[in-house]
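A structural walkthrough
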Amino acid sequence: MTDNTDLRNLRALAREHAETLRAGALDLDRDPRLAASLADGRLPWRQLMGLPAEYNPDPFTVHGRAFYLDSCSEQVIVYEELARVDAAAALALPGPAMSGFVVSHLGDQAQRERYYSLLASTATWTFFGMTEPARGSDPAAMTTALREDETGGLVLDGVKRFIGNGTRATIGVVFARRSPGPLGINAVLLETDRPGFTAVPLDTLGLRGLQLSELRMDQVPVADVDLLGRRSGTRQGMWAATRTFNRFRPVVSSLALGVAQAAYDYVLEHRPAARERLEDLAGRLHGTRALILAAAESADHDPGDGTLASAAKIRATALAEESTTTAVRLLGPGARFEHPMLDKWFRDARGFEYMEGTANIQRLTLAQGYLQGRLTDVRAVRAA
């Protein structure tokens, strides 16, 4: 577990770097294609990517302590601070993100080298292809298929939608059904320059810099070396997907918390007389931050248990919507026109509900965790 002093030092460094996003936040919101400029030297993107130590010779170093940002506990600190300026820019940074977790847990050495050596060499965006039109992330309803063609080779057919960074990605992971049953879903490591693969940007109201996309696959060729977890009988696609969602829900929660904190700070800056009216909100911001850190520690300890991750996402997502709504109300009629950054935070806050599962899904996970005694287990982990 990372020392609290180390985390405070990391937070201070992240806050310093986050300020470099402010000048371009509204431009990125208007034109997501500007995400490439995030890697032009304004931000230390190589250090923010979360590369494993063997691929990152130059990590963040604070007072002699190296931070590789490949743990959930470190990522929630950094992403909250980035989101206090621009959550969309934080999500639009190059790096492994969710697909990297799948490659790390299912990939063999050659696959890991193929993936991470590319990311370490140049600014590389990745994608995580799970969600489908009208079906969401329900594995039982998944229609994207991995099948044999007439030559006996494997091909991918299907559509994935609401995929972050899809149009700018170079490599990523696609989930597809190869056979019936829970073990019939495979994770495929795929470069986006293959024949039959296209990506189309989608118009969104918030988090525009993320450039949500639709991925279309029409007989995309797949080789055996592309299949992640091919040497495991039980660690297949859905095993990895579930653990990935659990692992990244605290990160989404930290992004929502950053937006909530940004709106709160903005009101205090422009309406300092409102401080007393915001006391309750200030307390819940503090409490949610503690919950997210506990969820991150739990995810680092056991990504198979999503109990606290779901609790954190429920709380943080609702808080982002409430904080931005409160800010708009307190700043009066026309606030969203007069305060463009506040308008952006207001729109962005509505997007977190749909990332890594809606609130209803999180409540089911939380209820299952409670009934199975996992909340007690989590407290024991933290005490240790």
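As the structure is a prediction and not an experimental result, all values here were calculated from the model.

1. Side note on empty space enclosed by the protein
Left-over empty space is what a probe sized like a water molecule reveals as it rolls over the atoms. Taken as a whole and assessed by the stated rule, the structure comprises one cavity of 30 Å³ or more. Taken as a whole, the largest cavity spans an internal volume of roughly 50 Å³. Lining the largest cavity are Arg11, Val76, Ile77, Glu80, Ser254, Leu257, Arg289, Ile292 and Leu293. Among the secondary structure elements, those contributing two or more residues to the lining of the largest cavity are helix H4 (72–91), helix H7 (237–270) and helix H8 (279–301).

2. As for the layout of surface pockets
Approximately 210 Å³ is the volume found for the second largest pocket. Around the second largest pocket sit Arg15, Ala18, Glu19, Arg22, Glu81, Arg84, Val85, Ala262, Asp265, Tyr266, Glu269 and Trp345, which together line it. Secondary structure elements with two or more residues in the lining of the second largest pocket: helix H1 (4–18), H4 and H7. Of the residues forming the lining of the second largest pocket, the biggest block, four residues, is contributed by H7.

3. Some remarks on helix H6 (residues 109–121)
Taking 1.5 Å per residue as the helical rise, H6 with its 13 residues ought to reach 18 Å, and the 18 Å between its terminal C-alpha atoms agrees with that figure. Buried within H6 are the following residues: Gln111, Arg112, Tyr115, Tyr116 and Leu119. Buried residues along H6 cover an arc of 100° about the axis, so they all sit on one side. Turned more than 90 degrees away from the buried face of H6, the exposed residues are Gln109 and Ala110. Next to the buried residues of H6 lie helix H3 (45–48), helix H5 (97–106), strand S3 (125–129), strand S6 (169–177), strand S7 (185–191) and strand S10 (227–228). For H6, the N-terminal cap is Asp108; the gap from its side-chain oxygen to the backbone nitrogen of Ala110 is 3.2 Å.

4. Looking at the pairing of S6
Residues in a regular strand project their side chains so that they alternate between the two faces of the sheet. Counting buried residues in S6 gives seven out of nine residues, a clear majority hidden from the surface. When S3 meets S6, the two strands line up parallel, connected through five bridges. The residue bridging Trp125 from the neighbouring strand is Ala169, located in S6. Of the pairings in the sheet, the one linking S6 to S7 comprises seven bridges and is antiparallel in character. From the neighbouring strand, Arg177 faces S7, where its bridge partner is Ile185.

5. Side note on the pattern of salt bridges
Overall, the coordinates contain 31 salt bridges when judged by the stated rule. The partner of Arg30 in a salt bridge is Asp27, and the shortest N-O contact between them spans 2.6 Å. Here Arg30 and its partner Asp27 are both found in helix H2 (residues 25–30), three residues apart, which amounts to about one turn of the helix. You can call Arg30 exposed: its relative accessible area is 59%. A relative accessible area of 35% places Asp27 in the partly exposed class. The closest approach of N and O atoms between Arg230 and Asp224, which form a salt bridge, is 3.0 Å. Here Arg230 falls in the partly exposed class, since its relative accessible area comes to 27%. Connected through salt bridges with shared partners, the residues Arg11, Arg15, Glu80, Glu81, Arg84, Asp265 and Arg289 form a single ionic network.

6. Points about the packing of aromatic side chains
Enumeration over the complete set of coordinates arrives at seven aromatic pairs. Where Phe127 meets Phe197, the ring centres are 5.8 Å apart and the plane angle is 40°; that geometry is what we call tilted. Of the two residues, Phe127 sits in strand S3 while Phe197 sits in strand S8 (residues 197–201), which places them 70 residues apart along the sequence. Summarising the burial analysis for this pair, Phe127 and Phe197 share the class buried. Among the aromatic residues, those joined into a ring-pair cluster are Tyr55, Tyr115 and Tyr116. Looking at Arg65, its charged tip hangs above the ring of Phe67, at a distance of 4.5 Å from the centre.

7. Section: the nonpolar core
Judged by nonpolar contacts, the single largest core of 102 residues is most densely connected at Val102, Phe175 and Phe352. Counting residues per element, this core draws most heavily on H7, which supplies 18 residues. Listed in part, the 16 residues of the second largest apolar core include Phe127, Leu154, Val188 and Leu215.

About the thresholds
Residues numbered from 1 in each chain as written. Predicted model: local features only at pLDDT ≥ 70, side-chain atom pairs only at ≥ 80, totals over all residues. Heavy atoms only, no water. 1 Å grid on protein atoms, 1.4 Å probe; cavity = no way out; pocket = protein on both sides within 12 Å on 5 of 7 lines; lining within 4 Å. Points joined across faces, edges and corners; volume = space filled by probe spheres on them. Helix = DSSP H or I, 4+ residues; strand = E, 2+ residues; numbered from the N terminus. Expected span 1.5 Å × (residues − 1). Buried < 20%, exposed > 50% of the residue type's maximum accessible area, 1.4 Å probe, protein only. Arc of directions from axis to C-beta. Contact = heavy atoms within 4.5 Å. Polar contact = N/O pair within 3.5 Å; in protein donor to acceptor, adjacent residues only side chain to side chain. Pairing = 2+ DSSP bridges. Salt bridge = Lys/Arg side-chain N within 4 Å of Asp/Glu carboxyl O. Phe/Tyr/Trp six-rings, centres within 6.5 Å; stacked < 30°, edge-to-face > 60°. Lys NZ or Arg CZ within 6 Å of the ring centre and 35° of its normal. Core = buried A, V, L, I, M, F, W, Y, C linked by side-chain atoms within 4.5 Å.

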